[in-house]
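# Summary of structural features
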Amino acid sequence: MKKLTKGKNSLTIETTNGLVQVIVYSPEIIRIRVNKQIPSGDFSYAVVGQPIECKVKVLETEGQVLVITDSLRLQVSTDPVRFTFSTHDGKTVINEDDTFGTTWVGEEVTTFKKLQEGEKFIGLGEKTGNLDRRGEGYMNWNSDVPGYGVNQDPIYASFPFYIGIHHNVAYGIYFDNTHKSYFNFGASNDRYSSFGADAGEMNYYFIGGHSVSEIIQNYTYLTGRMPMPPIWSLGFQQSRWSYYPDYQVMDIARTFRNKKIPLDVLYLDIHYMDAYKVFTWHPERFPNPLKMVSDLTNMGIHTAVIIDPGIKVEKGYIPYEDGVKKNMFLKYPDGTNYTAQVWPGWCNFTDYTLPEARRWWGEQFSDDVKTGVTGFWNDMNEIASWGAGKTSSIVCFNWEGKGASYREGKNVYGMLMARSTYEGVKQLMNKRPLVLTRAAFSGAQRYTAIWTGDNVTSEEHMLLGCRLVNSLGITGMPFCGTDVGGFMNGDASRSLFARWMTIGAFTPFFRVHKHCDYNMSEPWSYGSEVENISRNYISLRYRLLPYLYSAFFEAHQTGMPVNRSLAITNTFDEKAWYYAYQNQFMFGPSLLVAPVESNKELAKVYLPEGEWYDFFTGKHYEGSQEVMIESPLDKLPVFAKGGSFIPIQSLTQSTSEKPSDTLFLHIYKGNQVSVFIYYEDDGVSFDNEKGRFMTRELTFDPINKQVIVEAPKGNFISKFSKIALMLHGFDSDNFKLNGTDVSPATQKIDFYTSLPDDDPLNISAKKYPQQVKQILISNPGVSNTLKWK
């Protein structure tokens, strides 16, 4: 060490080999920067969180510096420089390899950490493979990979954040470097885990926390959290490459309504455009898009259109002419516009690292917004083009005026396209839009939902999709999903489509999408049995919307994902990591979902600690055990957690339709205290950001044998004027509501069947009836307490 400089919540160490900076962002977040020279700046597209005031103690002794916060201890050995992170009481969390530390090979920079005994790794977002990343290596380089394999890497998106877990401690590492990056979790070695990049800084954040959920909360403090989505984007969505002409679109919409299958969004793929040129409509296929979109809107259906980044090189085409005139496109070093071939032919590509270009891109949506389009599907933004794997590194990005090459800009291109789209249409609509992206980088959650790209019609891909969604949630992207039914490589069998639909109903983003080379893939395309299963699970999704919307509010507030791997909720339970159970997840805080292949009518399920109820039959199970569950096509293994709340509404055919005036609050008896925050707002505007929303705290207290339904808080009036408490597992008939004896009514419920017995569409005789106790709350505007003996 040549020199040590202490700053406010920071220190700088100069050595003969380079410069080290330690910056305390919070008691649980410490940033490490290692460079050969003094860095020229400090800029990130991903990180928006700033250091906060906190107590930091720096102690210097011979050969080391100790940085102490209320939560962490960082020991910095100064000759050579090595970092050891420990808990406040001195338990080692992670330390560096004694020999390697941070190492350069040319421009390539890598940091090596010691592998801990039994250490497990999760995260990295959209990565194939198993839940536990131990023994594997990964690369971040956003790539267009149609029909990707179940172990293929990389695919479409990059999230350089992972969580290490060992010896009852956990930590996170966010590596903020947009170049092609690499992660090794003991692949072909038993000595180290490592992360590094082809070039750029060794710039990472150590993220602590008392639990995996706290680490996710701290990570999303750094990279941001999703805004509240439009509630209609949580409904069912149907897509195909492509629906055209306009009368086919309307026929699809009418069929959904006639068959009483709820629907909120229809997608238009590339064939809606004139010669595949973005921001155009095909004059013959869609001669009057304003009328078509208006007709769909009147049916309670939103229209989403695909938008690619390529702007066709064509004289007279306004976006091209205007983009050239205003200098909005990526460049070659000689100043000419970068061109590549995509669907329209030769194209230029907007440089989203140029602030003026982001604004310009957003303005291009003006006509679509005037037409009534509310969903904006950003595709091909890896950047994909014919021969894209050979794109030269010399392509230039503006990079906020600082300049960067394709090597540095590629991985953030998709995220910045989504940002530009979101910021533009938000201003144009003055309502919440749905933006959906294929490519992304950390921080994309602030602007967009994501789907897992061009998946394959197979059992393996269906289960892989569950792990991808769970991993995306771990890395800050709660709003995510797959192409239900599989996009390519064949038609789904009837059983596969049915099973995938049941899983899709418990996925944050729920959309069917199919390749043009294969048969139609709407719910009725697979016969009446599959149609009925699909209708029932889509309908269940709509009944669960109060619960799901509240889970999204938690994601908005804390970063906690909607779909939660058991590695989050049961981190140190070894069985939660078993290969057989790695696809299981919590759907929000109260429902456990166990995905199973379509050809298996008997499933082995792991129920973690606690009490559990079969969601469809009401059967009670003790936790911490493996159970065999019947899993016919119409019954996905789903379990409600004892001590939990699940608010449910009456069935609607779209979110634009108002449910009945009663909120059915299902309460499952258990032995654990729990708190659920119920949330409502208008679902479409940004008034929630001005404080116009409502929350209600629900507490299950088994010690005092009571349920507390707090009075609503906020200045938004609930759509529900009544609350019905639906009691599961309560043997007692001795209840007091606010100190007064009440007699519960017995109610027969069925979460599976969506239509009345006499409806001609209800061709299934199979039902899953349950009997529960019901107590009505007549005045939900005040706090109510239910006690039992």
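From a predicted model like this one, the values you see are computed outputs, not experimental measurements.

### Details of the sheet that holds strand β35 (residues 563-565)
Within the open sheet, the six strands sit side by side as β35-β36-β37-β42-β39-β40. Their pairing is antiparallel. Only two strands of the sheet have a single partner each, and these edge strands are β35 and β40 (620-622). In this sheet, adjacent strand axes meet at a mean angle of 35° when their direction is disregarded. Both strand β39 (residues 611-614) and β40 contribute to a ladder of three bridges, which runs antiparallel.

### What about the packing of aromatic side chains?
Enumeration over the complete set of coordinates arrives at 72 aromatic pairs. Seen in terms of ring centroids, F279 and F365 are 5.1 Å apart; in terms of plane orientation they differ by 90°. Their pairing is edge-to-face. In this pair, F279 sits in the loop between β21 (265-268) and α3 (289-298) while F365 sits in the loop between α5 (355-363) and α6 (366-371), placing the two residues 86 residues apart along the sequence. Assessed through its relative accessible area of 14%, F279 is described here as buried. An aromatic cluster of at least three residues, connected via ring pairs, comprises F85, F121, Y138, Y162, Y171, F175, F183, F185, F195, Y204 and F206. Taking NZ or CZ as reference, R285 lies 4.3 Å from the ring centre of Y244, over its face.

### Observations regarding the nonpolar core
Within soluble globular proteins, side chains that are nonpolar generally end up buried alongside one another. In this structure, I163, F506, L591, F615 and L725 are the most contacted members of the largest nonpolar core, which totals 210 residues. No other element matches helix α7 (residues 406-429), which puts ten residues into this core. Membership of the second largest hydrophobic core comes to 36 residues, among which are I30, L115, I173 and F195.

### A look at the pattern of salt bridges
Oppositely charged side chains are able to pair whenever their charged atoms sit close together. The tally for this structure, following the rule as stated, stands at 36 salt bridges. For D42, the salt bridge is made with R31, and the minimal N-O distance between the two is 2.7 Å. Linking D42 in the loop between β4 (29-35) and β5 (57-61) with R31 in strand β4, this pair joins segments that are eleven residues apart in sequence. Residue class for R31 comes out buried when judged on its relative accessible area of 2%. Through salt bridges with shared partners, one network takes in D144, D379, E382, R438 and D454.

### Some thoughts on helix α1 (residues 212-223)
Given 3.6 residues to a turn, an α-helix orients residues that are three or four positions apart in the same direction. Between the first and last C-alpha of α1 there are 16 Å, a value that for twelve residues agrees with the 16 Å anticipated at 1.5 Å per step. When α1 is considered as a whole, its buried residues turn out to be V212, I215, I216, N218, Y219, T220, L222 and T223. At the C-terminal side of α1, G224 shows a positive phi close to 95°.

### Observations regarding the sheet that holds strand β7 (residues 72-78)
If you walk across this open sheet you meet the five strands as β5-β6-β7-β8-β9, and the pairing is antiparallel. The sheet is open, and its two borders are formed by β5 and β9 (92-95), each paired with just one other strand. Each strand axis lies, on average, 15° off the axis of its neighbour in the sheet, ignoring direction. Pairing geometry for strand β8 (residues 81-87) and β9, over three bridges, is antiparallel. Its bridge partner being in β9, F85 is matched across the sheet by I94.

### Structural notes on the packing of helix α9 (residues 494-504) against helix α10 (residues 528-543)
Relative to each other, α9 and α10 sit at 5°, their axes nearing to 9 Å. As judged from the angle between their axes, α9 and α10 are roughly parallel. Facing α9, whose interface residues are R494, F497, A498, M501, T502 and G504, α10 presents V530, I533, S534, Y537, I538 and R541. The residue inventory of the contact of α9 with α10, partitioned by class, reads seven nonpolar, three polar and two charged.

### Concerning α3
Listing the buried residues of α3 in full gives P289, M292, V293 and L296. The buried residues of α3 all sit within an arc of 95° when viewed along its axis, so they share a single face. Looking at the buried residues of α3, the elements they touch are α2 (246-258), β21, β22 (302-307) and α6. Of the residues one or two after α3, G300 is the one with positive phi, at around 80°.

### Comments concerning the pairing of β39
On β39, burial covers both faces: E611 and Y613 on one face and W612 and D614 on the other are all buried. Connecting β39 to the antiparallel partner β40 that follows it, the hairpin turn spans five residues, and G618 within it adopts a positive phi of roughly 85°. In this sheet, strand β42 (residues 638-641) lies alongside β39 in antiparallel orientation, the contact comprising three bridges. The residue bridging W612 from the neighbouring strand is K641, located in β42.

### Things to note about the packing of α10 against helix α11 (residues 545-558)
Their axes nearest at 5 Å, the elements α10 and α11 cross at an angle of 60°. Classified by the interaxial angle, the pair formed by α10 and α11 is oblique. Counted together, R541, Y542 and R543 of α10 and L545, P546 and L548 of α11 form the full contact between these two elements. Looking at the contact of α10 with α11 residue by residue, the classes come out as four nonpolar, no polar and two charged.

### Description of the environment of Y581
Residue placement: Y581 occurs in the loop between α12 (566-569) and β36 (585-587). Residue Y581 is classed as buried on the basis of its relative accessible area of 1%. Remark: the alpha-carbon pair of Y581 and L651, spanning 70 residues in sequence, is separated by 32 Å. For Y581, the contacting residues outside a window of four places in its chain are K575, A576, K604, V605, Y606 and E626.

What counts, and where the lines are drawn
Counting from 1, residues in each chain are numbered in the order their sequence is written. This being a predicted model, a pLDDT of at least 70 is required before a residue's local features are given, and a value of 80 or more before pairs of side-chain atoms are given or counted; all residues contribute to the totals for chains, interfaces and linings. The side-chain values count all of the structure's non-hydrogen atoms but skip hydrogen atoms and water molecules. Two strands form a pair only when DSSP identifies at least two bridges running between them. Think of it this way: any DSSP run of H or I at least four residues long counts as a helix, any run of E at least two long counts as a strand, and we number them from the N terminus. Comment: axis = line fitted to C-alpha atoms, over the contacting stretch for helices; angle = value between 0 and 180 degrees taken between N-to-C directions. The aromatic pairing rule takes the rings of Phe, Tyr and Trp, using the six-membered ring of Trp, and pairs them if the centres are within 6.5 Å, calling planes under 30 degrees apart stacked, those over 60 edge-to-face and the rest tilted. Whether a residue is buried, partly exposed or exposed follows from its accessible area with a 1.4 Å probe, protein chains only, as a fraction of its type maximum: under 20%, in between, or over 50%, in that order. Any Lys NZ or Arg CZ that is within 6 Å of a ring centre and within 35 degrees of that ring's normal is treated as a charge sitting over the ring. Take the buried residues of types Ala, Val, Leu, Ile, Met, Phe, Trp, Tyr and Cys, join any two whose side-chain atoms come within 4.5 Å, and each joined set is a nonpolar core. We define a salt bridge as a contact between a side-chain nitrogen of Lys or Arg and a carboxyl oxygen of Asp or Glu at a distance within 4 Å. Expected helix span is taken as 1.5 Å per residue step, with the number of steps being one fewer than the number of residues. Convention used here: angles under 35 degrees read as roughly parallel, angles over 145 as roughly antiparallel, angles from 65 to 115 as roughly perpendicular, and any remaining angle as oblique. Contacts: residue pairs with any heavy atoms within 4.5 Å of one another. In the scheme used here, Gly and all other residues not listed as nonpolar or charged are polar, with Ala, Val, Leu, Ile, Met, Phe, Trp, Tyr, Cys and Pro taken as nonpolar and Asp, Glu, Lys and Arg as charged. Think of the arc as the fan of directions from the helix axis to the C-beta atoms.

Remember that the coordinates give geometry; whether it matters functionally is a separate question.
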